[in-house]
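Understanding the architecture of this molecule
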Amino acid sequence: MRPRAFGAEFYDRDTEHVARELLGGVLECTVDGVTCRGRIVETEAYVGEHDAACHASVGRTARTAGLFGPPGSAYVYLIYGMYWCANVVTRAEGLASAVLLRAVEPLDGVDVMRRRRGVRRDLDLTSGPGKLCDAFAITGPRFHGASFTRGALRLCEGTPVPDAAVAVTPRVGINAKNSAVDWPLRWIVRDSPWVSARSDTRRWLNAAR
DNA sequence: TCGCCGATCGGCT
DNA sequence: GCCGATCGGCGAA
């Protein structure tokens, strides 16, 4: 059954709330007639031009223009010349912030994901921002600037995740000299095996106790 | 299981 | 030129 997509008003709010509430939601992407779905288990917030880890901290450029776009639009960029990362833009148009989709639990289209990824273990299909874009065939040319509220790329209502099952950590992959390195803007489903950076996450959660 | 390293290229200084 | 919101393979422990 086709789930219902979040509307633009869902994204026209504080980025932290959107990131938190996307946990348990469903990412859906249709390419070449095949639909893949996954339950979102990990997100990160990039909260604006004052956030040194946010691409928009350099201001509005050709690259970052998408971050200033309307709520619910896709900001898809290439990292390390090799991997795509998918974000959903938050807050009103003109405010540069977004939620990075970092990991999902595969639900539908798993065979296609396996073919696209070519990895040994299913756990490596979608447990990272570059991995999930590969598994779902999300690329910049296909989806940068598209809307997550309708069409081939959607974010949909799923089963909400209770606070007791959620953990918050600093974001992954932020350079140690970045002033925002420690900001707690990563949300995960605490016990999901599908989250990225598993050993780092375990270490951080243990140290925080 | 951990840590290191190379791949690969567009955007920015 | 430099470096990154990453990933997978490798060798060591």
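One can find the structure itself at the top, above this paragraph.
Residues numbered from 1 in each chain as written. Chains lettered and ligands numbered in written order. Predicted model: local features only at pLDDT ≥ 70, side-chain atom pairs only at ≥ 80, totals over all residues. Heavy atoms only, no water.

What follows is about the nonpolar core. Residues Leu22, Leu27, Phe136, Ile138, Phe148 and Leu155 are the most contacted members of the largest nonpolar core, which totals 46 residues. Aside from chain neighbours lying at most four places away, what touches Phe148 is Ala5, Tyr11, Leu27, Gly72, Ser73, Ala74, Asn87, Val88, Leu101, Leu153, Arg154 and Leu155. Of all hydrophobic cores here, the second largest spans 16 residues; its members include Ala53, Tyr75, Cys85 and Ala180. (Core = buried A, V, L, I, M, F, W, Y, C linked by side-chain atoms within 4.5 Å. Buried < 20%, exposed > 50% of the residue type's maximum accessible area, 1.4 Å probe, protein only. Contact = heavy atoms within 4.5 Å.)

Its place among the elements puts Pro170 in the loop between β7 (166-169) and β8 (186-189). The spacing of Pro170 and Gly7 is 163 residues in sequence and 28 Å in space, taken between C-alpha atoms. Excluding anything up to four places from it in sequence, Pro170 contacts Val181, Asp182, Trp183, Pro184, Arg186 and Trp204. (Helix = DSSP H or I, 4+ residues; strand = E, 2+ residues; numbered from the N terminus.)

Inspection of the region around DNA strand C gives 20 residues, with Tyr77, Asn87, Arg117, Gly130 and Asn175 positioned closest. Between DNA strand C and Arg102 there is a distance of 3.2 Å, counted from a phosphate oxygen to a side-chain nitrogen or oxygen. At a separation of 2.5 Å, a phosphate oxygen of DNA strand C approaches a polar side-chain atom of Arg117. Looking at the surface near DNA strand C, the elements that each hand over two or more residues are β3 (74-79), β4 (83-89), β5 (98-108) and α4 (129-136). By residue number, the principal contributor to the surface near DNA strand C is α4, which donates 3 residues. Of the residues assigned to the surface near DNA strand C, the class counts are 11 nonpolar, 6 polar and 3 charged. (Near = heavy atom within 4 Å. Polar contact = N/O pair within 3.5 Å; in protein donor to acceptor, adjacent residues only side chain to side chain. Nonpolar A, V, L, I, M, F, W, Y, C, P; charged D, E, K, R; others polar.)

Another aspect to go through is the packing of aromatic side chains. Under the defined criterion, the tally for this structure stands at 3 aromatic pairs. Arranged with centres 3.9 Å apart and planes meeting at 15°, the rings of Phe6 and Phe10 form a pair that is stacked. An angle of 90° between the planes, with centres 5.1 Å apart, marks the rings of Phe10 and Tyr11 as edge-to-face. Here Tyr11 falls in the buried class, since its relative accessible area comes to 0%. (Phe/Tyr/Trp six-rings, centres within 6.5 Å; stacked < 30°, edge-to-face > 60°.)

Okay, a nonpolar patch on the surface next. Together, Tyr80, Met82 and Tyr83 give the surface a local cluster of nonpolar side chains, amounting to about 420 Å² of exposed area. Mapped onto the elements, Met82 comes out in the loop between β3 and β4. (Patch = residues over 30% accessible without salt bridge, like charges linked within 9 Å, V, L, I, M, F, W, Y side chains within 5 Å. Areas by Shrake-Rupley, 256 points an atom, 1.4 Å probe, with all protein chains shown as cover. Salt bridge = Lys/Arg side-chain N within 4 Å of Asp/Glu carboxyl O.)

Attention shifts here to the pairing of β8. Both faces of β8 are covered, namely the face carrying Arg186 and Ile188 and the face carrying Trp187 and Val189. Bridging between strand β2 (residues 34-46) and β8 involves 3 bridges; their strand directions are antiparallel. When the sheet's bridge partners are listed, Glu44 is paired in β8 with Arg186. One ladder, built from 4 bridges, connects β7 with β8; its direction is antiparallel. Counted as the bridge partner of Thr169 is Arg186 from β8. (Pairing = 2+ DSSP bridges.)

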